[in-house]
Amino acid sequence: MRITLIVSCLLLSWTLCAQNDSIVRYDTSAVETIQIDQDDLQSYREDSAFNYEEAEVENNWWTDFTNWFYNLIRRFFEWIFGVGNAEGFLAIFFEILPYLLLALFLYLVIRFFVRSNMMGWGKGTKNPNVVSLSEDEHIIKNEDIRELIKNALANQNYRLAIRYHYLYVLQLLSERDIIDWQQQKTNDDYLTELSESGHYADFGRATVLYDYIWYGEFSIDQDRYTKAETVFTSLQNAIAHD
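Residues numbered from 1 in each chain as written. Predicted model: local features only at pLDDT ≥ 70, side-chain atom pairs only at ≥ 80, totals over all residues. Heavy atoms only, no water.

## Focus on the pattern of salt bridges
Point 1. Evaluation of the coordinates by the stated rule reveals seven salt bridges.
Point 2. A salt bridge links glutamate 193 to lysine 185, with the nearest nitrogen and oxygen atoms 2.5 Å apart.
Point 3. Residue lysine 185 is classed as partly exposed on the basis of its relative accessible area of 22%.
Point 4. Connected via shared salt-bridge partners are Glu135, Asp136 and Arg163. (Salt bridge = Lys/Arg side-chain N within 4 Å of Asp/Glu carboxyl O. Buried < 20%, exposed > 50% of the residue type's maximum accessible area, 1.4 Å probe, protein only.)

## Topic: helix α10 (residues 222-240)
Point 1. If you check α10, its first and last C-alpha atoms are 26 Å apart, about what 19 residues at 1.5 Å a residue would give, namely 27 Å.
Point 2. Largest kink in α10: about 25°, centred on alanine 228.
Point 3. All buried positions along α10 are accounted for by Tyr225, Ala228, Phe232, Leu235, Gln236 and Ile239.
Point 4. Close packing links the buried residues of α10 with α6 (145-154), α7 (158-175) and α9 (200-215). (Helix = DSSP H or I, 4+ residues; strand = E, 2+ residues; numbered from the N terminus. Expected span 1.5 Å × (residues − 1). Bend = angle between axes of the 7 residues up to and from the residue. Contact = heavy atoms within 4.5 Å.)

## A few points about α7
Point 1. Here α7 is 18 residues long and its end C-alpha atoms lie 26 Å apart, about the 26 Å a rise of 1.5 Å per residue gives.
Point 2. Counting buried residues along α7, 16 of its 18 residues qualify, which places the element largely inside the surrounding structure.
Point 3. Positioned one or two residues after α7, aspartate 177 has a phi angle of 55°, which is positive.

## Describing the packing of α6 against α7
Point 1. Across the interface, α6 lies against α7 with an axial gap of 8 Å and an inter-helix angle of 170°. Here α7 runs roughly antiparallel to α6, going by the angle between their axes. Facing Ile145, Arg146, Leu148, Ile149, Ala152 and Leu153 of α6, the residues of α7 in contact are Tyr158, Leu160, Ala161, Tyr164, His165, Leu167, Tyr168 and Gln171.
Point 2. Of the residues contributing to the contact of α6 with α7, the split by class is 11 nonpolar, two polar and one charged. (Axes fitted to C-alpha atoms, helices over the stretch in contact; angles between N-to-C directions. Parallel < 35°, antiparallel > 145°, perpendicular 65-115°, else oblique. Nonpolar A, V, L, I, M, F, W, Y, C, P; charged D, E, K, R; others polar.)

## Considerations on the confidence of the model for the protein
Point 1. Of the residues in the protein, 69% have a pLDDT of 70 or more, and the chain-wide mean is 75.
Point 2. When mean pLDDT is compared element by element in the protein, α6 scores highest at 94, while helix α1 (residues 2-23) scores lowest at 50.
Point 3. A low-confidence stretch, residues 118-132 stays under pLDDT 50, and its non-local contacts, those more than four residues away or across chains, total nine contacts. (pLDDT = per-residue confidence, 0-100.)

## Let's talk about the packing of α9 against α10
Point 1. Two numbers describe how α9 lies on α10: the axes approach to 10 Å, and their chain directions differ by 140°. Here α10 runs oblique to α9, going by the angle between their axes. Between α9 and α10 lies a crossing whose hand is left-handed. For the pair α9 and α10, contact is made by Asp202, Phe203, Arg205, Ala206, Leu209, Tyr210 and Ile213 and by Ala228, Val231, Phe232 and Leu235, respectively.
Point 2. For the contact of α9 with α10, a count of residues per class yields nine nonpolar, no polar and two charged. (Left-handed = near helix turned anticlockwise from the far one by under 90°.)

## A look at the nonpolar core
Point 1. Counting residues in each nonpolar core, the largest one holds 34 residues, and the members touching the most others are Ile162, Tyr164, Leu170 and Phe203.
Point 2. Of all the secondary structure elements, the ones that give two or more residues to this core are α5 (133-142), α6, α7, α8 (187-193), α9 and α10.
Point 3. If you tally residues by element for this core, the top one is α7, at 12 residues.
Point 4. Other than its neighbours up to four places away in sequence, phenylalanine 203 contacts Tyr166, Val169, Leu170, Leu173, Asn187, Tyr190, Leu191, Leu194 and Leu235. (Core = buried A, V, L, I, M, F, W, Y, C linked by side-chain atoms within 4.5 Å.)

## Things to note about a nonpolar patch on the surface
Point 1. Side chains of Trp61, Phe65, Trp68 and Leu72 sit close together on the surface and give an oily, nonpolar patch of about 460 Å² of accessible area.
Point 2. Checked against the element boundaries, tryptophan 68 lands in helix α3 (residues 61-81). (Patch = residues over 30% accessible without salt bridge, like charges linked within 9 Å, V, L, I, M, F, W, Y side chains within 5 Å. Areas by Shrake-Rupley, 256 points an atom, 1.4 Å probe, with all protein chains shown as cover.)

## Regarding the side chain of threonine 207
Point 1. Counting through the fold element by element, threonine 207 comes out in helix α9.
Point 2. Classification of threonine 207 by relative accessible area gives buried; the value is 7%.

Take a look at the structure:
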């Protein structure tokens, strides 16, 4: 056993010595010294490929904003996840996020001005179906609405006649203190006031017809007017005998 161990050590030592002899090489060639003068250095100085100085970029409002925002988001995610600098997709997202926010801000500003201009242009064109509340108030408080209905029918303006029918219903309800007519109230407000009244269902049907015909800009002929008229006249008679 001892003899085998000794032989193995000798073989290992011989192998290592042989490897060292094959690896070691000595360079005995003469060393040539290269002289570089100032002209040679100047050519390197003028070559941009050898310019390793980092150019300092002057900060502006945008770089200040992006740096501030990135640091804010980074601290937020560090607080949530307990991590350091963002990596991978999150780092790319942080880089483009300021540009996305700027694009969103510009979109909202442009949309605001476009809508403002459209509203300004729209004021120059009056919708004939939009009736001012002051006109409704004048008709309800001062006009003979039944006469207005006759005049509208004489001109075959059935949509206008439906409008007068509805105002006549409001006039009757107001005169009998069933509703408290106010200029700023809506038809739904009056429907709520009639929730405990026997006129609630009929007034609801009349309101639907009025909104559909007048505000919906649907033209009606005499036959359709006659069918709608029965709803209003029935309600008017019920209020008058209340």
